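Observations on chain architecture
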Amino acid sequence: MSYLPITDMPSFIKKEVDTLNEAIAPFIKRISKYSFWAFPLIVFSLINLLFMLFIMPDTRTTFSLVIYAVMGAFGFALSREVKLQRKEVIKVSEDFIINRIEKSSALVDSVKDRYIKSVKEQPAFAMNYFIRFLEEENREISH
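The structure presented is a predicted model; accordingly, all values stated were derived computationally and were not measured.

Notes on helix 3 (residues 109-121)
- The terminal C-alpha atoms of helix 3 lie 18 Å apart, and with 13 residues this matches the ideal 18 Å at 1.5 Å per residue to within 8%.
- Those residues of helix 3 lying buried are Val 111, Lys 112, Tyr 115, Ile 116, Ser 118 and Val 119. Here the buried residues of helix 3 occupy an arc of 160° about the axis, which is enough to place them on one side. Exposed residues pointing more than 90 degrees away from the buried face of helix 3 are listed as Asp 109, Ser 110, Lys 117, Lys 120 and Glu 121.

Regarding the nonpolar core
- Within the largest apolar cluster, 24 residues are counted, with the highest numbers of intra-cluster contacts made by Ile 97, Ile 101, Val 119 and Phe 133.
- With residues near it in sequence (within four places) discarded, Ile 97 still touches Val 119, Ala 126, Met 127 and Phe 130.

Some thoughts on the environment of Gly 75
- Here Gly 75 shows up in helix 2 (residues 62-103).
- Gly 75 gets classed as buried once you look at its relative accessible area, which sits at 0%.
- Separated by 48 residues in the primary sequence, Gly 75 and Phe 27 have C-alpha atoms spaced 18 Å apart.

Quick notes on the pattern of salt bridges
- Tallying each qualifying case throughout the model produces 7 salt bridges.
- Between Glu 137 and Arg 100 there is a salt bridge; the shortest N-O distance is 2.6 Å. Here Arg 100 lies in helix 2 and Glu 137 lies in helix 4 (residues 126-142), a separation of 37 residues in the sequence. The two residues Glu 137 and Arg 100 agree in class, both being buried.
- Taking the shortest distance from any N to any O, the salt bridge between Glu 121 and Lys 117 comes out at 3.9 Å.

Brief notes about the layout of surface pockets
- Of the volumes computed, that of the largest pocket is approximately 190 Å³.
- Secondary structure elements with two or more residues in the lining of the largest pocket: helix 1 (11-55), helix 2 and helix 4.
- Element by element, the count of residues in the lining of the largest pocket is highest for helix 2, at 5 residues.

Criteria and thresholds
- Residues numbered from 1 in each chain as written.
- Predicted model: local features only at pLDDT ≥ 70, side-chain atom pairs only at ≥ 80, totals over all residues.
- Heavy atoms only, no water.
- Helix = DSSP H or I, 4+ residues; strand = E, 2+ residues; numbered from the N terminus.
- Expected span 1.5 Å × (residues − 1).
- Buried < 20%, exposed > 50% of the residue type's maximum accessible area, 1.4 Å probe, protein only.
- Arc of directions from axis to C-beta.
- Core = buried A, V, L, I, M, F, W, Y, C linked by side-chain atoms within 4.5 Å.
- Contact = heavy atoms within 4.5 Å.
- Salt bridge = Lys/Arg side-chain N within 4 Å of Asp/Glu carboxyl O.
- 1 Å grid on protein atoms, 1.4 Å probe; cavity = no way out; pocket = protein on both sides within 12 Å on 5 of 7 lines; lining within 4 Å.
- Points joined across faces, edges and corners; volume = space filled by probe spheres on them.

Laid out in structure tokens, this is it:
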């Protein structure tokens, strides 16, 4: 199962991306599950709370208000957890990439340090730097 898009990548890059995908797979599965439930719970509870409080206030009961409030709170908690899990995916990906760059014996330390610095300074572009690193490493190995 691939979480990062792999289209027409050379095999040496595909292998590394697959390894990274394996490292982040548990987080991605959790994010998917939590996201699936968070939004519907929030919407359902808010609609029902608003309906009971403003449109038909004479039909509300304390029990039903509490149930809808708990459902909404649970949905918001799941939503918050999704955000935390996404941050963890970024951290795990960044750590994986940095460790992989550090382990390389094909490139000199100054080149590796440049890539590591780039990944740390701009984690949103970490995959781009990682792919460039892998391409440069492959060129050195091929020569």
